[in-house]
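Chain by chain, the residues run as shown.
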Amino acid sequence: MKRLFLLFWLAAVLAACGAEPIWAPDEDIRAKAYRHNGAASITLITVINNRSGAGGHTGLLINGSQRVVWDPAGTWWNPNAPERNDLHYGMTDSMVDVYVDYHTRETYHTVLQELQVSPEVAELALREAAAYGAVPKASCSQSTSVILGKLPGFESIKTTFFPLKTMETFAKFPNVKTRKVYD
């Protein structure tokens, strides 16, 4: 009962924090649109504190008709990756490297868990992320787990505020390729 109360209290506090909507112009999105030639995929990105082992952030790299990164409630920004409400477009290989490097530092490492999916699932993930809207602070894993849970084959992902829980559930899917990046 205490845990349930705590979750409701946390949700209320986070809702009060508000999200920061950002809306890049259509011409910026079109100019930076990038289609990666690799297979359709979803990559869960989890940033983990090296001292405590706690999850610090959750993001999602989606490779569909475009390659984008869902950076909910994130602080990452780059002029070559225009943003619409936490969804960044133009994620070339170098932009992905910049994104991962931004989160990886002496005190945090980044775990990337890639899973090939059908083009239809990748496209649905892209649409769900685009439709989600700006995310309030500390709701990165919550919003990402909601998006993933709506995708065919990902129904086992339950909504959680905890990045490590999302990461652990994602790791259970067959054929997940995991890569850890340290500074």
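Residues numbered from 1 in each chain as written. Predicted model: local features only at pLDDT ≥ 70, side-chain atom pairs only at ≥ 80, totals over all residues. Heavy atoms only, no water.

## Focus: the nonpolar core
For clarity, the cut-off: The definition of a nonpolar core used throughout is a set of buried Ala, Val, Leu, Ile, Met, Phe, Trp, Tyr and Cys residues joined through side-chain atoms within 4.5 Å. Think of it in three bands: with a 1.4 Å probe and only protein chains considered, a residue is buried below 20% of the maximum accessible area for its type, exposed above 50%, and partly exposed in between. Every helix listed is a DSSP run of H or I at least four residues long, and every strand listed is a run of E at least two residues long, numbered separately from the N terminus. Whether two residues touch is decided by their heavy atoms; if any such pair falls within 4.5 Å, the residues are in contact.
Residues Ile 42, Leu 148, Phe 154 and Phe 170 are the most contacted members of the largest nonpolar core, which totals 31 residues. Sorting the residues of this core by element identifies β1 (41-49), β2 (55-63), β3 (67-70), β6 (108-116), α4 (119-132), α5 (140-149) and α6 (163-171) as the ones contributing at least two each. Broken down by element, this core gets its largest block of residues, five residues, from α4. In this structure, Ile 42 is in contact with Leu 60, Leu 61, Gln 113, Glu 114, Leu 115, Val 117, Val 121, Ala 125, Leu 148, Leu 151, Phe 154 and Phe 170, ignoring residues within four places of it in sequence. Ile 45, Val 69, Met 91 and Tyr 99 belong to the second largest nonpolar core, which has twelve residues in total.

## Points about the side chain of Ser 41
Here Ser 41 is to be found in strand β1. Assessed through its relative accessible area of 6%, Ser 41 is described here as buried.

## Structural notes on a negative patch on the surface
Put simply, the rule reads: Each patch is assembled from residues with relative accessible area greater than 30% and no salt bridge, linking like charges that lie within 9 Å and nonpolar side chains (Val, Leu, Ile, Met, Phe, Trp, Tyr) that lie within 5 Å. The protein chains shown are the only cover counted for residues, whose accessible areas, like all others here, come from Shrake-Rupley with a 1.4 Å probe. Put simply, a salt bridge is a Lys or Arg side-chain nitrogen that is within 4 Å of an Asp or Glu carboxyl oxygen. His is not counted here, nor are the chain ends, while Lys and Arg score as positive and Asp and Glu score as negative. By convention, the point assigned to a charge is CZ for Arg, NZ for Lys, CD for Glu and CG for Asp.
Taken together, the side chains of Asp 97, Asp 101, Glu 106 and Asp 183 define an acidic patch exposed on the protein surface. By secondary structure assignment, the location of Asp 97 is in helix α3 (residues 93-103). Residue class for Asp 97 comes out exposed when judged on its relative accessible area of 52%.

## Here we look at the sheet that holds strand β7 (residues 177-181)
Within a sheet, adjacent strands bond to each other through the backbone by hydrogen bonds, running parallel or antiparallel. For clarity, the threshold we go by: Any two strands between which DSSP finds at least two bridges are classified as paired. Lines fitted to the C-alpha atoms define the axes, with helices restricted to the stretch that makes contact. Angles between their N-to-C directions range from 0 to 180 degrees.
Overall, antiparallel pairing links the seven strands, which are arranged β4-β5-β3-β2-β1-β6-β7 in an open sheet. Because the sheet does not close on itself, it has two edges, and the strands there are β4 (83-84) and β7. The pairing of β6 with β7 spans five bridges and is antiparallel. In the sheet register, Thr 110 faces β7, and the bridge partner there is Val 181. With respect to the sheet, α4 is in contact with β1, β2, β3 and β5 (87-88), its orientation differing from that of β2 by roughly 125°.

## Things to note about α4
Inclusion rule: Expected helix span is computed as 1.5 Å times (number of residues minus one). Picture the helix axis, draw a direction to every C-beta atom, and the arc is the one those directions span.
With 14 residues, α4 should reach 20 Å at 1.5 Å per residue; the first-to-last C-alpha distance of 20 Å fits that figure. Within α4, burial applies to Val 121, Ala 122, Ala 125, Leu 126 and Ala 129. Seen along its axis, α4 keeps its buried residues to an arc of 140°; they face one direction. Set apart from the buried face of α4 by more than 90 degrees, the exposed residues are Pro 119, Glu 120, Arg 127 and Ala 131. Residues of α4 that are buried make contact with β1, β2, β3, β5 and α5. With its phi angle positive at about 95°, Gly 133 sits one or two positions after the end of α4.

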